[in-house]
Amino acid sequence: ARMGAANSALKDYEQALIMDRKNVFAYVARASLYNKQGDYDRAIEDCNQALEIKPDFLDAYRVRSLAFAHKKQYKECLDDCNFYLMQSKGNDKRQA
């Protein structure tokens, strides 16, 4: 059942991206799902896509840092974490 839900979610994100190629929320949500599936390269690609569209989209840095950590790319992970923390400092609200 769990795999079916993941596949269903993937299809939903892909449909959202077909409708709007600039949907940063769909890219990052799909990247998060890829992280859970252990597909870290695709997670990084989706986060990169989101950041090309919206360079200050902090969730993309957070999700990408996790993928970098799993790949043992610690410098990249720390760079993303530091950027995320510096940008979110004093900003208690999640990005809308």
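Below: a short report on this structure. This one's a predicted model, so the numbers in the text were calculated from it and none came from an experiment.

When helices and strands are counted, the protein shows 5 helices and 0 strands. Reading the protein from its N terminus to its C terminus gives the helix and strand order α-α-α-α-α. Expected size for 96 residues packed as a compact globule is a radius of gyration near 12 Å; at 13 Å, the protein falls within 12% of this value. Seen through its principal axes, the protein has C-alpha atoms that stretch 35 × 30 × 20 Å. Counting the 96 residues in the protein, one finds 34% classified as buried. For the protein, the proportion of contacts with a sequence separation of at least 24, taken over those separated by at least 6, is 45%. Summed over all atoms, the accessible surface of the protein reaches about 6400 Å², with 52% contributed by carbon and sulfur. Here the protein holds 16 positive side-chain charges and 14 negative ones, and the gap between their average locations is 3 Å.

This next bit is on the environment of R62. By the secondary structure assignment, R62 is in helix α4 (residues 58–70). Judged by relative accessible area, R62 falls into the partly exposed class, the value being 30%. A C-alpha to C-alpha distance of 17 Å links R62 and N23, two positions 39 residues apart in sequence.

What follows covers helix α3 (residues 40–53). Here α3 spans 20 Å end to end across 14 residues, near enough to the 20 Å set by a 1.5 Å rise per residue. Every buried residue of α3 is listed here: A43, I44, D46, C47, A50 and L51. The arc that holds every buried residue of α3, seen down its axis, measures 165°, which confines them to one face. Looking at the buried residues of α3, the elements they touch are α2 (24–37) and α4.

This next bit is on the pattern of salt bridges. Per the counting criterion, the structure on display carries 7 salt bridges. A salt bridge links D46 to R30, with the shortest nitrogen-to-oxygen separation between them at 2.5 Å. Separated by 16 residues along the polypeptide, D46 in helix α3 and R30 in helix α2 bring together distant segments of the chain. The pair D46 / R30 is uniform in exposure class, with both members buried. Put simply, R62 and D59 hold a salt bridge, and the shortest N to O gap is 3.4 Å. Pair noted here: R62 and D59 are both in helix α4, with a separation of 3 residues, about one helical turn. Residue class for D59 comes out buried when judged on its relative accessible area of 14%.

Definitions and cut-offs
Residues numbered from 1 in each chain as written. Predicted model: local features only at pLDDT ≥ 70, side-chain atom pairs only at ≥ 80, totals over all residues. Heavy atoms only, no water. Helix = DSSP H or I, 4+ residues; strand = E, 2+ residues; numbered from the N terminus. Rg over C-alpha atoms; globule rule 2.2 N^0.38 Å. Buried < 20%, exposed > 50% of the residue type's maximum accessible area, 1.4 Å probe, protein only. Contact = heavy atoms within 4.5 Å. Areas by Shrake-Rupley, 256 points an atom, 1.4 Å probe, with all protein chains shown as cover. Lys, Arg positive; Asp, Glu negative; His and termini not counted. Charge placed at Lys NZ, Arg CZ, Asp CG, Glu CD. Expected span 1.5 Å × (residues − 1). Arc of directions from axis to C-beta. Salt bridge = Lys/Arg side-chain N within 4 Å of Asp/Glu carboxyl O.

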